[in-house]
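Reading the structure
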Amino acid sequence: MIATTHNSLSRATEARRHGARSLTILRDSVSPWLVAVIGVLLPISTASAEPMFLAKQYTRCTACHYSPTGGGLLTPYGRLLSHRELSTGGGTATAPAAGEEDAPRGEQAFLYGALGSALGPVHLGVELRPSHLRIGFPGGSASKDFVMNADLIAAVQKKGWTAYGSVGREPANSAIREGRTLPDAAFISYEHWIGYETEDGLGFRAGRFLPAYGIRFSDHSAYSRTYLDLDRNDQVYGVEVSDTMGPSLLQVMLSPGKAEAVLHDNRRRGFSTAGRWQLDVTPRATLVGSAFYRHATDLDPKSGAVGGAFGFAPATRVTIWTEADANVQVAARGGRTWVVVNETSVEAYRGLWLKFSPQLRTAGGPGFPELRRLAFEVDFLPRTHWNLGLSYYHDHNQTFDVTTSTLLLQLHAYL
Amino acid sequence: MTFLLLRATEAQRHRAKKFLLCASVSLWLVSAIAGFALVAAAGTPWLPTQGRVRVTCPLTIGGSFEAKTTALRGSLTASASHPSYDGSLVVDLRTIDTGIRLRNDHLREKYLEVDKAPGYDTATLSEIDLKGLSPDAPKGKGTFSGSFMLHGTRKTVGGPVEIREAGAGFLVKASFPVNLSDYNIPVPRYLGLGVKNTVQVEVTFLAAPEQASQLRSLRFVGQATATR
């Protein structure tokens with residue numbers, strides 16, 4: 001039953017993300033309640049970006065991550081922050097001296113500093129995310145234990161240049177080849193790129209990466225990620241140019257298509273471009289505007305999205321983000337949907353974050369139902385590199401009047 | 001009829017004389033009081049209350065963070081001749097908070113070196129001179145210059161200032177840039193992240209006459225006692 005459910009869900013997700021043709025298959029093969037929970041089961045990409053740290057006055061992803069769009073390997077500063085300022089037990093630990101440029105030893109370093117300086121300028125990280133999932137739906141439930149992530153990530157940064165790459169395992173029933181979901185685990189490199197940034201803030205990168213758009217919520221199943229094609233495996237092969245101008249950041253991306261399409265399914269390959277502008281109104285308030293355009297492929301119609309987001313931290317332990325997007329094409333039928341996501345995060349105790357996230361996606365024509373979600377999450381960071389997350393999703397498919405509840409327990413190790 | 005008219009004119013003249021005398025006395029009194037008030041204002045120390053200092057520190061990667069404190073003290077005395085002020089405004093640097101403890105430690109110990117020598121634990125703005133504001137009523141928007149002492153180094157700073165009436169005092173908001181290298185402060189860098197050389201200081205306070213401030217303090221003490 002579990003395997004069947006997972007297979008069906010994979011198919012459902014694929015259908016949702018790739019248009020009307022697949023939706024026909026979906027409608028013929030799965031029951032309506034499944035449509036309501038799509039996007040929850042499948043593996044997350046690499047380590048989470050955490051927009052909630054706006055409360056700590058971090059408005060830019062690159063304060064803690066190598067990637068300008070967040071997520072993935074932490075920089076030495078990000079590692080240090082996860083040690084000294086975020087974990088419950090790290091508050092009084094010894095930190096590298098002020099003025100240090102790197103910290104290859106100590107609790108915050110790779111494998112707790114076991115390798116010391118042996119790696120030279122190379123920074124390594126391991127991502128592991130064993131998880132337990134339980135979905136309740138009308139008439140039953142299904143549960144599953146699986147490893148969401150198992151990746152090795154490396155980065156080198158020198159004189160403005162950054163080289164970054166990951167290798168890992170995509171779980172069973174997840175990888176898609178020529179339109180078919182593979183039943184076995186597969187090799188994957190979610191990101192690999194090279195970039196350069198001048199001291200004035202003008203930069204570029206080329207390779208495989210997730211495009212900059214809106215807010216990269218850590219939960220990949222957030223409606224603003226799932227329904228705007230910013231989910232797992234939605235990285236592109238392309239070039240990104242960015243410019244930091246005072247409190248503003250502009251990022252523009254050009255791509256011949258999604259990376260997985262370029263590698264494994266040329267029928268879905270199509271030009272795409274995205275732009276994102278961020279204005280830090282204050283160190284605790286940020287405004288973001290984004291636009292995305294995807295040209296038609298052999299199988300997908302032309303699509304685009306435009307949206308805005310606003311985040312602010314009314315207190316040193318509270319962050320509130322709201323993003324609203326118009327998906328100006330959903331299906332070949334020419335539908336249009338709105339996606340609105342709010343995420344309110346509160347640091348209840350040092351290292352213990354509580355999140356509340358109401359989400360909405362409006363109906364966009366036949367096959368695209370109105371969905372509403374209430375998500376609750378508890379994130380506990382007891383010690384450096386360890387994060388225990390418990391999420392609960394209450395999803396309601398307004399069109400089919402079906403409600404599901406999902407419980408997800410994750411142990412996230414980012415060694 | 002003529003007699004009546006003459007009587008009326010005489011009465012009116014008398015009233016007019018009386019009115020002129022009263023008006024002259026009143027004007028003299030008003031002038032005297034106003035003059036006294038101006039002299040008193042020029043000599044009255046103004047104390048900063050409800051002070052707030054925010055230092056915006058831009059990061060090398062973009063974005064910025066704020067360091068802030070409310071520990072602003074001092075006294076300013078208006079000069080009678082033009083809108084300049086004797087006295088100083090003093091910020092306690094040991095209380096500056098960036099929201100992150102490690103960052104606070106580095107800021108105070110490594111960069112501001114608050115324990116290095118006497119005076120390193122404060123930043124002082126003195127010899128304040130206002131420009132573009134009326135000498136008689138320093139209200140509205142203008143600019144200021146002053147002598148800023150930080151990290152054992154004194155430099156002249158300046159920037160926009162806005163002064164508004166607020167109750168018995170004035171609400172003052174001023175800002176000015178500070179180049180860290182001018183004060184022999186090393187540019188902060190840590191694990192690949194850095195602060196740019198120029199930070200922006202914003203000072204906001206309510207300038208209240210000394211007596212009003214003392215009364216407010218007494219009232220505060222009274223309220224605190226009552227609460228206990």
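What you are looking at is a predicted structure, and each value in this text was computed from that prediction instead of being measured.

Along its length, chain A carries six helices and 19 strands. Within chain A, the proportion of its 415 residues that are buried is 51%. Across chain A, contacts joining residues at least 24 apart in sequence account for 56% of those joining residues at least 6 apart.

Here the focus is the overall build of chain B. From N to C terminus, chain B includes three helices and 11 strands. Along chain B, from the amino end to the carboxyl end, the secondary structure elements read α-β-β-β-β-α-β-β-β-β-β-β-β-α. Out of the 228 residues in chain B, the part that is buried amounts to 26%. Across chain B, the fraction of contacts at a sequence separation of at least 24, relative to all contacts at a separation of at least 6, is 53%.

On to the environment of A:Leu263, then. Residue and element names in this part refer to chain A. Topologically, leucine 263 is positioned in helix H6 (residues 259–264). Exposure remark for leucine 263: the 15 C-beta atoms within 10 Å place this residue in the partly exposed category. Placed 85 residues apart in sequence, leucine 263 and glutamate 178 show a C-alpha to C-alpha distance of 9.7 Å.

Taken residue by residue, the interface counts 16 residues in chain B and 26 residues in chain A. Elements with a contribution of two residues or more to the side of chain B that touches chain A: strand S2 (64–69), helix H2 (101–111) and strand S9 (189–190) of chain B. Split by residue class, the side of chain B that touches chain A holds seven nonpolar, six polar and three charged.

Further remarks concern unusual backbone geometry. Residues and elements named next belong to chain A. Positive phi is not limited to glycine here, since lysine 159 has a value of about 50°. Among the secondary structure elements, lysine 159 is positioned in the loop between strand S2 (140–158) and strand S3 (161–170). Phi angles above zero are rare outside glycine, and asparagine 233 is one such case at about 60°. Mapped onto the fold, asparagine 233 is located in the loop between helix H5 (223–226) and strand S9 (236–245).

Most often, soluble globular proteins keep nonpolar side chains buried together rather than apart. A:Tyr77, A:Leu228, B:Leu193 and B:Ala207 are the most contacted members of the largest nonpolar core, which has 90 residues in total. For this core, the element with the most residues is strand S11 (residues 198–209) of chain B, which contributes six residues. Each residue touching B:Ala207, except ones within four places of it in the same chain, is listed here: B:Trp46, B:Pro48, B:Leu76, B:Gly169, B:Phe170 and B:Val172.

Residues and elements named next belong to chain B. Residue-level pLDDT values for chain B average 80, and 71% of them are 70 or greater. Counting interchain partners and residues more than four positions distant, the pLDDT-below-50 stretch residues 27–40 has one contact. Counting contacts from residues 215–228, a segment whose pLDDT is below 50, to residues more than four positions away or on other chains yields two contacts. The ipTM value of the predicted complex is 0.81, and its pTM value is 0.81.

We now examine helix H4 (residues 76–86) of chain A. Extensive coverage of H4(A) is indicated by the burial of 10 of its 11 residues. Those residues of H4(A) that sit buried are A:Pro76, A:Tyr77, A:Gly78, A:Arg79, A:Leu80, A:Leu81, A:Ser82, A:His83, A:Arg84 and A:Leu86. Check the buried side of H4(A) and you find it contacts H2, S9 and strand S10 (193–194) of chain B.

All names here are of chain A. Of the strand pairs in this sheet, strand S1 (residues 122–137) and strand S19 (residues 402–414) are connected by eight bridges, and their pairing is antiparallel. Residue pairing across strands places histidine 132 opposite leucine 409, the latter belonging to S19. Inspection of the sheet shows strand S18 (residues 386–397) paired to S19 by 12 bridges, in the antiparallel sense. Its bridge partner being in S19, glycine 389 is matched across the sheet by glutamine 410. Counting the residues that bridge the hairpin from S18 to S19 gives four residues, and of these aspartate 401 lies at a positive phi of roughly 55°.

Attention now moves to the confidence of the model for chain A. On average, chain A scores 85 in pLDDT, and the residues at 70 or more come to 87%. The model gives residues 1–47 of chain A a pLDDT under 50, and that stretch makes 108 contacts with residues more than four places away or in other chains.

With that settled, the discussion passes to the environment of A:Cys64. All names here are of chain A. With respect to the helices, strands and loops of the structure, cysteine 64 is situated in the loop between helix H3 (32–37) and H4. Cysteine 64 sits in the buried class, given 24 other C-beta atoms within 10 Å. Between the C-alpha atoms of cysteine 64 and serine 82, which are 18 residues apart in sequence, the distance is 9.1 Å. Dropping the residues within four chain positions of it, cysteine 64 is found in contact with Tyr58, Leu74, Thr75, Tyr77, Gly78 and Leu81.

Turning our attention to H2(B). All names here are of chain B. Along H2, the positions that sit buried rather than exposed are Arg103, Leu107 and Arg108. Taken end-on, H2 shows its buried residues confined to a sector of 120°, consistent with a single buried face. Looking at the buried residues of H2, the elements they touch are S2. Of the residues one or two after H2, glutamate 113 is the one with positive phi, at around 50°.

Moving on to the environment of A:Gly207. Residue and element names in this part refer to chain A. Considering the arrangement of structural elements, one finds glycine 207 in strand S8 (residues 202–209). Look at glycine 207 and you get buried, because 20 C-beta atoms sit within 10 Å. For the pair glycine 207 and isoleucine 194, spaced 13 residues apart in sequence, the C-alpha separation works out to 6.5 Å. The residues touching glycine 207, leaving out its near neighbours within four places in the chain, are His192, Trp193 and Ile194.

Here the focus is the pairing of S2(B). Residue and element names in this part refer to chain B. For strand S1 (residues 45–58) and S2, the ladder comprises six bridges, and the chain directions are antiparallel. Paired with cysteine 57 across the two strands is phenylalanine 65, which belongs to S2. Here S1 hands over to S2 after five residues, with glycine 62 in that stretch at a positive phi of 100°.

Thresholds applied
- Residues numbered from 1 in each chain as written.
- Chains lettered and ligands numbered in written order.
- Predicted model: local features only at pLDDT ≥ 70, side-chain atom pairs only at ≥ 80, totals over all residues.
- Helix = DSSP H or I, 4+ residues; strand = E, 2+ residues; numbered from the N terminus.
- Buried ≥ 20, exposed ≤ 12 C-beta atoms within 10 Å, placed from the backbone.
- Contact = placed C-beta atoms within 7 Å.
- Nonpolar A, V, L, I, M, F, W, Y, C, P; charged D, E, K, R; others polar.
- Core = buried A, V, L, I, M, F, W, Y, C linked by C-beta atoms within 7 Å.
- pLDDT = per-residue confidence, 0-100.
- Pairing = 2+ DSSP bridges.
- Arc of directions from axis to C-beta.

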